[in-house]
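Spelled out from the first residue to the last, the chains are:
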Amino acid sequence: MSRFAAAIASAFRRYAAWLVAISWKRFILLSILLLIIAGVLSELPPFTWPAMEAAPKVSRQEDAGAAASLGEEIKREIIDGIRAERESSHVVRLGDYLPQLAFLFIIVSAAIKIAYAGRVKAEAKAAEAQEIAEAESLKRQVVEARMAAMQAQVEPHFLFNTLASIDHLIEVDPPRASRMQKNLIALLRASMPAMRESAATLGRELQVVRPYLEILKVRMEDRLQAEISVAEGLYSADFPPMMLQSLVENAIKHGLEPKPEGGALRVEAEVAHGKLVVTVADTGVGFGRAATAGTGTGLSSIRERLKLIYGPQAELRIAGNSPAGTRVTVVVPYKTA
């Protein structure tokens, strides 16, 4: 019995879902078609077969009185004959109520369609919201995984270059190697937490860049003049981790180091039109003119990271610097931690 009830309930739900899925125009057309079919079937066997036939009921009153007149007797006979003919011809057929049943079925179906429309729409919206949430969660996981992979590329690239410089200076200039080693310790103390985070602040990024520039000054001596011009009020602004250090590294490696006399590097930041604008400008050989092949993640990876984190709200601008060199600008939404 329970299986039969479950089957009935399942069929009812499927029928209700089908009613909601079709348009009202189609529902009206199908209803008219159903009424026409019911009318046609009501005139065809087996619906024309009699289901019930009324028995003739002839009521005769015998008047034994000899005083009844002949005219009254004839009148009674005529009335009884007509009544018997009507009662004997009243036959109930199977198809008599078929159009009425079809009309009732249409009314009930319309009520079900109206009642279930809101429920089905609510369930559809809930399912769509769940699907969107799952898609966003999956997208977020992919973004975090790709960002982690990019940061993993930045970390060894920087460390290997620095350690190679220290190894070289130990042989030729131990005091400079010692200063570089101390700056490396300070740099690692500031940068290691940032390398493992998906979000950081501009102030924390500057804590990484400052000792990094000190290391490069030891190596390049007078060939590098560095300046950081960032207001303290911007230190709390959100900025992608290790991105500023990558910009500075690219500017030095591909702009200033290939230039025999070196040059200047300037890091500056400002807020414009609700966006944080961070620029790394150098007076090196210019964008794309260095002979080095480059082994870092490069500007393309920085642009990809910006797209993954901020979408179309961020951009990477590359332009020439005056009188020489390159200006690389990162524009991200201005938010404070």
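Residues numbered from 1 in each chain as written. Predicted model: local features only at pLDDT ≥ 70, side-chain atom pairs only at ≥ 80, totals over all residues. Heavy atoms only, no water.

*Asks:* Whenever I open this one, the pattern of salt bridges confuses me. Can you help?
*Replies:* Pairs can form between side chains of opposite charge once their charged atoms are near each other. Applying the stated criterion across every chain, the model contains eight salt bridges. Between arginine 176 and aspartate 173 there is a salt bridge, and its shortest N-O distance comes to 3.7 Å. Arginine 176 gets classed as buried once you look at its relative accessible area, which sits at 14%. Three or more residues joined by partner-sharing salt bridges are found here, namely Glu227, Arg266, Glu268 and Arg327. (Salt bridge = Lys/Arg side-chain N within 4 Å of Asp/Glu carboxyl O. Buried < 20%, exposed > 50% of the residue type's maximum accessible area, 1.4 Å probe, protein only.)

*Asks:* Explain the environment of leucine 30 here, please?
*Replies:* By the secondary structure assignment, leucine 30 is in helix 2 (residues 24-41). By relative accessible area, leucine 30 is classed as partly exposed at 33%. As a C-alpha pair, leucine 30 and isoleucine 106 span 76 residues in sequence and 9.3 Å in three-dimensional space. Setting aside chain neighbours within four positions, we find leucine 30 in contact with Trp18 and Ile22. (Helix = DSSP H or I, 4+ residues; strand = E, 2+ residues; numbered from the N terminus. Contact = heavy atoms within 4.5 Å.)

*Asks:* Just to check I follow, could you spell out the nonpolar core for this structure?
*Replies:* Side chains of a nonpolar character, in soluble globular proteins, are inclined to be buried together. Counting residues in each nonpolar core, the largest one holds 45 residues, and the members touching the most others are Leu202, Phe239, Leu244, Val248, Ile252, Leu265 and Leu306. Of all the secondary-structure elements, those providing two or more residues to this core are helix 4 (98-172), helix 5 (174-195), helix 6 (202-220), helix 7 (243-256), strand 6 (263-272), strand 7 (275-282), helix 8 (298-310) and strand 9 (326-333). Here this core takes ten residues from helix 6, the largest share from any one element. Sequence-distant contacts of leucine 265, defined by excluding residues within four places in its chain, comprise Leu213, Leu224, Gln225, Ala226, Glu227, Val248, Ala251, Ile252, Leu256, Val280, Ala281 and Asp282. Leu19, Val20, Ile106 and Ile112 belong to the second-largest nonpolar core, a separate cluster that totals nine residues. (Core = buried A, V, L, I, M, F, W, Y, C linked by side-chain atoms within 4.5 Å.)

*Asks:* What exactly am I supposed to notice about the side chain of serine 42 here?
*Replies:* By secondary structure assignment, the location of serine 42 is in the loop between helix 2 and strand 1 (50-53). Owing to a relative accessible area of 5%, serine 42 belongs among the buried residues under this scheme. Look past the residues within four positions of serine 42 in its chain and what remains in contact with it is Phe47, Thr48, Arg93, Gly95, Leu98 and Pro99.

*Asks:* Can you walk me through helix 1 (residues 2-21) in this structure?
*Replies:* Spacing of three or four residues puts side chains on the same side of an α-helix, whose turn is 3.6 residues. Across its 20 residues, helix 1 extends 28 Å between first and last C-alpha, which sits within 8% of the 28 Å expected from 1.5 Å per residue. Regarding helix 1, the residues found buried are Ala16, Leu19 and Val20. Burial along helix 1 is one-sided: seen end-on, the buried residues are contained in an arc of 95°. Facing away from the buried side of helix 1 by over 90 degrees, the exposed positions are Arg3, Phe4, Arg14 and Ala21. (Expected span 1.5 Å × (residues − 1). Arc of directions from axis to C-beta.)

*Asks:* Help me out: how do you make sense of the sheet that holds strand 7 in this one?
*Replies:* Paired through their backbone hydrogen bonds, the strands of a sheet run either parallel or antiparallel. Strand order in the open sheet made by the five strands is 4-6-7-9-8, with mixed pairing throughout. Of all strands in the sheet, those bounded by a partner on one side alone are strand 4 (224-229) and strand 8 (315-320). Strand-to-strand, the axes of this sheet are offset by a mean angle of 15°, without reference to chain direction. Pairing of strand 6 with strand 7 involves eight bridges; the strand directions are antiparallel. Among the inter-strand pairings, alanine 272 is bridged to a residue of strand 7, identified as lysine 275. Docked against the sheet, helix 6 engages strand 4, strand 6 and strand 7, running at close to 165° with respect to strand 4. (Pairing = 2+ DSSP bridges. Axes fitted to C-alpha atoms, helices over the stretch in contact; angles between N-to-C directions.)

*Asks:* So what exactly am I meant to see when it comes to the packing of helix 6 against helix 7 here?
*Replies:* What describes two packed helices is the angle between their axes and the distance between those same axes. Relative orientation of the contacting elements helix 6 and helix 7 amounts to 25°, with a least axis distance of 8 Å. Judged by the angle between their axes, helix 6 and helix 7 are roughly parallel. Crossing of helix 6 against helix 7: the hand is right-handed. Mapping the contact onto sequence places Leu202, Glu205, Leu206, Val208, Val209, Tyr212, Leu213, Leu216 and Met220 in helix 6 and Met243, Leu244, Gln245, Val248, Glu249, Ile252 and Leu256 in helix 7. (Parallel < 35°, antiparallel > 145°, perpendicular 65-115°, else oblique. Left-handed = near helix turned anticlockwise from the far one by under 90°.)

*Asks:* What exactly am I supposed to notice about the packing of aromatic side chains here?
*Replies:* Aromatic ring pairs are defined here through the distance separating the ring centres and the angle between the ring planes. Under the definition given, this model contains four aromatic pairs. Each ring, one from phenylalanine 12 and one from tyrosine 116, has its centre 5.8 Å from the other, and the planes form 75°; the classification is edge-to-face. Taken as a pair, phenylalanine 12 in helix 1 and tyrosine 116 in helix 4 lie far apart in primary sequence, 104 residues in all. Centre to centre, the rings of tyrosine 15 and phenylalanine 105 are 6.1 Å apart; their planes meet at 35°, and the pair counts as tilted. Of this pair, tyrosine 15 sits in helix 1 while phenylalanine 105 is found in helix 4, placing the two residues 90 residues apart along the sequence. The partly exposed category is assigned to tyrosine 15, whose relative accessible area is 25%. By way of ring pairs, the aromatic residues Tyr15, Trp18 and Phe105 are connected into one cluster. For lysine 113, the ring lying beneath its charged end belongs to tryptophan 24, and the centroid distance is 5.0 Å. (Phe/Tyr/Trp six-rings, centres within 6.5 Å; stacked < 30°, edge-to-face > 60°. Lys NZ or Arg CZ within 6 Å of the ring centre and 35° of its normal.)

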